[in-house]
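# Chains, contacts and geometry: an overview
So you can see what is in the structure, the chains are spelled out below.
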Amino acid sequence: MSECTHDCESCGQDCSERKTSFLEEPHRLSHIKKVIGVVSGKGGVGKSSVTSMLAVLTRRDGFKAAILDADVTGPSIPKAFGLKQKAAGTEEGILPVRTKTGIDVMSINLLLENDTDPVVWRGPVIAGTVKQFWTDVIWDDVDFMFVDMPPGTGDVPLTVFQSIPVDGIIVVTSPQQLVSMIVEKAVKMAEMMNVPVLGIVENMSYFECPDCKKKHAVFGESHIEDIAAKYGIQNIAKLPITGEIASACDKGIVELLGAQWLNEMADAVENLL
């Protein structure tokens, strides 16, 4: 390739010149069966809340779930689960914090002295921290690990794809055409890294009137079927706008959400996983 820089670690191309695997081994005491990345092309589409709900539903189905919060500069997973305690360590490694229902979580906010302390780090340091969440944390008997990635296609998503054996990704989006365009970037990045796209979750897809039950497309008509068809993605879930989900995440009680608010996500979990 004429444009090749011969720096395979910073390249997403799968070519014959690539000679090195950058996959990192997890901690020797970890047992992780499946790793699912949750990605988005841009911020503000509810990726962390979707990640949280996926873990909650997987746990309710009887599986052992875990969340690796790779969004180091914008960690929100501990808040959604109401986690106050900090991660502890032993001579063997770092121990994730366990939620009320038994979901293991590791996030930078579980290591900072104050939840509001900003993480003002450059990309390589952030990427290195995410690697350590994989290599230095003891993940005990995990059936499904969900990796909550930062938005976009920069350093951290590239590090996750190259360093962690991701079995597939779930793309989170919202109905606006601008967001839909950016979703294609995330899908194409996954293709470049040879990671299958398990499905697309369109968050804030519609609002259902509590009185007449009519559905309103607040952010415009959905185009997610067109994108899914273009890339041969079979599974789509459309989540409504509900104050209950946002309120539950703000109050740290996402694990207590009633089944009526998770029906569509539950159907998606059965298809995606």
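For the structure, check the block above.
These notes cover the structure that comes with them. Given the structure is predicted, the values throughout are model-derived calculations rather than measurements. (Residues numbered from 1 in each chain as written. Predicted model: local features only at pLDDT ≥ 70, side-chain atom pairs only at ≥ 80, totals over all residues. Heavy atoms only, no water.)

### Regarding the packing of aromatic side chains
Here the structure, examined in full by the defined rule, presents one aromatic pair. Between the NZ or CZ atom of Lys 215 and the centre of the ring of Tyr 206, over which it lies, the distance is 4.5 Å. (Phe/Tyr/Trp six-rings, centres within 6.5 Å; stacked < 30°, edge-to-face > 60°. Lys NZ or Arg CZ within 6 Å of the ring centre and 35° of its normal.)

### Considering a nonpolar patch on the surface
Taken together, Phe 207, Val 218 and Phe 219 make up a surface patch of nonpolar side chains, about 250 Å² in accessible area. For Val 218, the location among the structural elements is in the loop between strand S10 (215-216) and helix H6 (224-230). (Patch = residues over 30% accessible without salt bridge, like charges linked within 9 Å, V, L, I, M, F, W, Y side chains within 5 Å. Areas by Shrake-Rupley, 256 points an atom, 1.4 Å probe, with all protein chains shown as cover. Salt bridge = Lys/Arg side-chain N within 4 Å of Asp/Glu carboxyl O. Helix = DSSP H or I, 4+ residues; strand = E, 2+ residues; numbered from the N terminus.)

### With respect to the pattern of salt bridges
Following the criterion strictly, the structure yields nine salt bridges and no others. Residue Glu 92 pairs with Arg 28 through a salt bridge whose shortest N-O separation is 2.7 Å. Taken together, the positions of Glu 92 in the loop between strand S3 (88-89) and strand S4 (94-95) and Arg 28 in the segment before strand S1 (32-39) put the pair 64 residues apart, joining distant regions of the chain. Take Glu 92: its relative accessible area is 41%, and that puts it in the partly exposed class. (Buried < 20%, exposed > 50% of the residue type's maximum accessible area, 1.4 Å probe, protein only.)

### Quick look at helix H4 (residues 155-163)
For H4, a buried count of eight out of nine residues is recorded, marking the element as mostly surrounded by other parts of the structure. Here H4 has its buried residues at Val 156, Pro 157, Leu 158, Thr 159, Val 160, Phe 161, Gln 162 and Ser 163.

Worth remembering: the numbers are spatial, not functional.
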